[in-house]
Amino acid sequence: MMGNCDLTTDSNRFAKLVLMSVTIAMCFFFLLTKVVLQKQNNVKLFPWSQLSSTQPDTKIRSKKQNEEMLLKQREDNCRDYRISKQAIYRLKEYWSSPIVVPKYKLIFFWNEKSACTYWKKLFQFIQGINNTEVHNHRNGLTTLKSFDTCEIIKMMYNESWVKAVFVREPRERLLSSYLDKAHHQHIMYQLCRVNRTVTFYEFLEIIKTL
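What counts, and where the lines are drawn
- Residues numbered from 1 in each chain as written.
- Predicted model: local features only at pLDDT ≥ 70, side-chain atom pairs only at ≥ 80, totals over all residues.
- Heavy atoms only, no water.
- UniProt positions renumbered as here; feature names shortened; annotations may be inferred.
- Helix = DSSP H or I, 4+ residues; strand = E, 2+ residues; numbered from the N terminus.
- Buried < 20%, exposed > 50% of the residue type's maximum accessible area, 1.4 Å probe, protein only.
- Pairing = 2+ DSSP bridges.

The protein chain appears in an unreviewed UniProt entry as Carbohydrate sulfotransferase from Mytilus edulis. Here the protein chain is described in UniProt, under the heading Sequence similarities (unreviewed entry), as follows: "Belongs to the sulfotransferase 2 family." The Subcellular location (unreviewed entry) comment attached to the protein chain in UniProt states, word for word, "Golgi apparatus membrane".

> Would you take a moment to explain the environment of Tyr201 for this structure?
Among the secondary structure elements, Tyr201 is positioned in helix H8 (residues 200-208). In this structure Tyr201 comes out as exposed when scored by relative accessible area, which is 56%. With 23 residues separating them along the chain, Tyr201 and Tyr178 place their C-alpha atoms 10.0 Å apart.

> What exactly am I supposed to notice about the pairing of strand S2 (residues 106-109) here?
On any regular strand, side chains alternate: one points to one face of the sheet, the next to the other face. As defined by bridge partners, strand S1 (residues 99-101) adjoins S2 across three bridges and the pair is classed as antiparallel. Paired with Val101 across the two strands is Leu106, which belongs to S2. The antiparallel pairing of S1 with S2 creates a hairpin that spans four residues between the two strands, and Lys105 there sits at a positive phi of about 50 degrees.

> Quick question: what am I supposed to make of the sheet that holds S1 here?
One key point about sheets: their strands pair by backbone hydrogen bonds, in either a parallel or an antiparallel sense. Strand order in the open sheet formed by four strands is S3-S1-S2-S4, with mixed pairing between adjacent strands. Looking at which strands have only one partner, the edges of the open sheet turn out to be strand S3 (142-143) and strand S4 (162-165). Pairing of S2 with S4, which is carried by four bridges, proceeds in the parallel orientation. Considered in S4, the bridge of Phe108 is made with Ala164.

Below is the structure:
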C-alpha cells in the first residue's frame, strides 16, 4: 500500500514538473515571438519599449536639425557671390555642362564644332578613362552638373581653379555646323524639328530662331 502511495506521489510531482516546464516554455516562446514581430514591423508592443525609444528619436531629430543648420549656412555663404540662376542653369545643362578635372582643378568649357570631340577624348586619356563613348553621359567624364549649386559657385570664384575655353573662328564654325548637320535629315529633325535637309540660306534662318 505504501508503495502505491509513493508511486502516486512521484507521478504527481512529475506531472507538475512537466506542466511547469511547458508553461515556462510557452511564456518564453510568446515573448520571443513578440520581440521578433516588434523588430520586423517596428511596432512598440511593450510599454517599456516606449521609454527606450525616446532618447534615440531625440538624437535623430538633433542630428537632422544640425544638418539643416549646416545646409542653411552653406546657402547663406553662397549668396555672398553674385551669380544668376540662369547662369547656374546653363552650367548644369545636361548636354553642354563644362567638364571638370578635379585632379588638376580644371573646368573646361567645351563648344560644339570647336574640336569638342578631340578635347573630350583628351580628357578621357589623361584621366585613364577607357571608354568609346564621347558625346553622351556615359563617357566617364565629370561635369559641373554633378555638383550642387553651392559647390559650383565656390569652384567658379576660387582662383585656384583654372577655367579654360577654346573657341573657333565664327564663320568656319558655322560652315562646319552646316556641313555636319544640315545634310542629314534625322539630325535636322532631332535638333531643329525640321524633317528634311536644308540649303545654307535656310540653315542660317533656322539657327536665328534657336
